[in-house]
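# Results of the structural survey
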Amino acid sequence: MSQTSSHIQMGSLQQGDDSMISTAPTDRKMPNLDTPPNRPLDSASLQKLDLRSIMHCIFNSIKVVLLSDKINLLIPFGPLAILVHNVANQKGWVFILSLLGIIPLAERLGWATEQLACFTGDTVGGLLNATFGNATELIISMYAMRNGMLRVIQQSLLGSILSNMLLVLGCAFFCGGIVHPSKEQVFNKGTALVNSGLLMMAVMGLLFPAVLHFTHTELHDGTSELALSRFSSCVMLIAYGAYLFFQLTSQSNMYSPISEEDSNQDGNLVDEETPRISKWESILWLFVLTVWISALSEYLVNAIEGASVALNMPVAFISVILLPIVGNAAEHAGAIMFAMKDKLDLSLGVAIGSSTQIAMFGIPFCVVVGWILGYPVDLNFQLFETATLFMSVIVVAFMLQEGTSTYFKGLMLLLCYLIVAASFFVHKDPQSVENNP
C-alpha cells in the first residue's frame, strides 16, 4: 500500500510538473499571438521592397542581355580600346580593339530588335529589322561623314553589300550543304529574284554617275554628277519604301521568323520565339546599345588612317573587308544557323535582305543626309568598286535562279569573296584619304 500510494503521489507530482512546464511557455507566447497577422508595412519597408524588386529586375535584364552568350566575352575590348586611346594612343591597337568590341554589341542590337518584334508583331517587326538591321554600318558612316572621310562611307557600305552577298550567303549555303549532303536545299525562288532585281537597280543607280564621271560627259562640270546622285538616291528610297509596303501588305509572312508549319514540326524553334525580356526592356536596351556602338564607332573611325599605317593595309581593304565583318557578325551567325536547320528562306532573308537594305536604303540615305548637312556624298563609287559590285550581283543572281542550294554553290561564293578581298588588298584608291591627306 505504501508503494502504491508513493507511485500515485509521484504520478500526481509528475503531472503537476508537466502542466507547469507546458503552461508557462504558453503564457509567455500569448501576447505575440495577439499581434494582427496582416499588419500594414510602413513606407520605409515598402521602399525597400520596391528598390529590391527594381534591382532584381535590372540584374536579371543585364544577365540575360550581356551574360547569356559566349560572344559577349568580347564586350570588354570596347572599354579597353578607349583606355588604350587615352593612355598609349596606339592607332593600330585602338582599331583592332574597337573592332572586336563592336562585334558583340552589333549582335546584341539585332537580338534586342528580335525581342521587341515579338511584342509588335510581324509587320512592325519587319520595319524594326529594316531600321536596326544595319544600324552599325550607318552609325560608322555618320561618323566618317562628320570627319570628312567620304570614301570610307562609300567603301564600307559597298563592303557590307559584298560581305552579305558573298561571304554570309556563301557560308550559309556551304554549311547547309555539309549538314544535309543527301539532298538539294530549296528556297523561295520568287523572293530571291525580287531581291536580285532590287540589287540590279542599285547597281544601275551607282553605275551611271561613275560612267558620267569617267566619260567626261557632264552637262555642268562638277555639279551634274552630284545632282544625278541625289536624284537617283531619292528614287531608290521611294523604290525601297514601295518594296517594304509590298512586303508588309501583300506578303507580310516574309518577315515571320518561322512559319506555322515549321513551328509545329520543331518545338525548339517555338521556344526561341518566346521573348526573354519585356517590351520596355527591349526599347531601353536598343537605346543603350545604339549609344554604346556610337561611342566605339567614333574611336574606330578616328583610328582607320593610323591603323592603315600601323598594320600596313590599304584604307580600301580596311573599309571594304574588315569593317563590314563587324556589322555583319549577327547576320553571319543567324544565316548559318538557319541553313543548318534547313530553313534557307530565312537565310536568304538575312543575307540578301540585308544587302538590299544597304543598297536601296543605306547608301541613298547617306547621300540625302550629306545633302542636308552640306557634304558632297555622291553615288560615284569609282570604276573599280562599281565593277566589283556589278560582277558580284551577276554571280549571286545566277546562283539563285534555280531556287536550290548545295555546298558547292556556297564554296563558289566563298572563293569569289576571297578574290574580291585579294583585289582590294592590292588596290590603290586614288580618292582615298591615305593618298590625299
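Residues numbered from 1 in each chain as written. Predicted model: local features only at pLDDT ≥ 70, side-chain atom pairs only at ≥ 80, totals over all residues. Heavy atoms only, no water.

Naming follows an unreviewed UniProt entry, where the protein chain appears as Vacuolar cation/proton exchanger of Heracleum sosnowskyi. Per its UniProt entry, the protein chain bears the Sequence similarities (unreviewed entry) comment "Belongs to the Ca(2+):cation antiporter (CaCA) (TC 2.A.19) family. Cation/proton exchanger (CAX) subfamily." Word for word, the UniProt comment on the protein chain under Subcellular location (unreviewed entry) is "Vacuole membrane". (UniProt positions renumbered as here; feature names shortened; annotations may be inferred.)

### Some remarks on the overall build of the protein chain
Each helix and strand counted, the protein chain has 17 helices and 2 strands in total. Sorting the 437 residues of the protein chain into buried and exposed places 45% on the buried side. Long-range pairs, those at least 24 residues apart, make up 83% of the contacts in the protein chain between residues at least 6 apart in sequence. Carbon and sulfur atoms provide 66% of the accessible area of the protein chain, an area that totals close to 22600 Å². (Helix = DSSP H or I, 4+ residues; strand = E, 2+ residues; numbered from the N terminus. Buried < 20%, exposed > 50% of the residue type's maximum accessible area, 1.4 Å probe, protein only. Contact = heavy atoms within 4.5 Å. Areas by Shrake-Rupley, 256 points an atom, 1.4 Å probe, with all protein chains shown as cover.)

### With respect to helix 11 (residues 279-302)
For helix 11, built from 24 residues, the straight-helix expectation of 34 Å at 1.5 Å per residue is met to within 8% by its first-to-last C-alpha distance of 35 Å. Among the residues of helix 11, Ser282, Trp285, Leu286, Leu289, Ile293, Ser294, Leu296, Ser297, Leu300 and Val301 are the ones counted as buried. (Expected span 1.5 Å × (residues − 1).)

### A short note on the packing of aromatic side chains
A complete count under the given rule lists 6 aromatic pairs for this structure. With centroids separated by 5.9 Å and ring planes inclined at 35°, the aromatic side chains of tyrosine 240 and phenylalanine 361 adopt a geometry described as tilted. Here tyrosine 240, found in helix 8 (residues 224-249), pairs with phenylalanine 361, found in helix 15 (residues 344-373); they are 121 residues apart in sequence, far enough to count as distant. Ring plane angle 20° and centroid distance 5.5 Å describe the contact between phenylalanine 361 and phenylalanine 365, whose orientation is recorded as stacked. Of this pair, phenylalanine 361 and phenylalanine 365 are both found in helix 15, 4 residues apart, which corresponds to roughly one turn of the helix. A residue is classified by how much of its surface remains accessible, and phenylalanine 361, at 25% relative accessible area, is partly exposed. Phenylalanine 365 sits in the partly exposed class, given a relative accessible area of 30%. (Phe/Tyr/Trp six-rings, centres within 6.5 Å; stacked < 30°, edge-to-face > 60°.)

### A few points about the nonpolar core
Formed by 103 residues in total, the largest nonpolar core has its most connected members in Phe95, Met165, Leu169, Leu389 and Leu400. Element by element, the count of residues in this core is highest for helix 6 (residues 150-179), at 14 residues. Setting aside residues up to four positions removed in sequence, methionine 165 forms contacts with Gly170, Leu199, Ile352, Ser355, Leu389, Ser392, Val393, Val396 and Leu413. (Core = buried A, V, L, I, M, F, W, Y, C linked by side-chain atoms within 4.5 Å.)

### Observations regarding the pattern of salt bridges
As a working rule, side chains carrying opposite charge can pair if their charged atoms are close by. The final tally for this structure, using the stated rule, is 5 salt bridges. With a closest N to O distance of 3.0 Å, aspartate 429 and arginine 151 form a salt bridge. Taken as a pair, aspartate 429 in the segment after helix 17 (407-425) and arginine 151 in helix 6 lie far apart in primary sequence, 278 residues in all. When its relative accessible area of 9% is taken as the criterion, arginine 151 is described as buried. Glutamate 402 is the partner of lysine 409 in a salt bridge, and the nearest nitrogen-oxygen pair spans 3.4 Å. Owing to a relative accessible area of 12%, lysine 409 belongs among the buried residues under this scheme. Taking relative accessible area as the criterion, glutamate 402 reaches 54% and is therefore assigned exposed. (Salt bridge = Lys/Arg side-chain N within 4 Å of Asp/Glu carboxyl O.)

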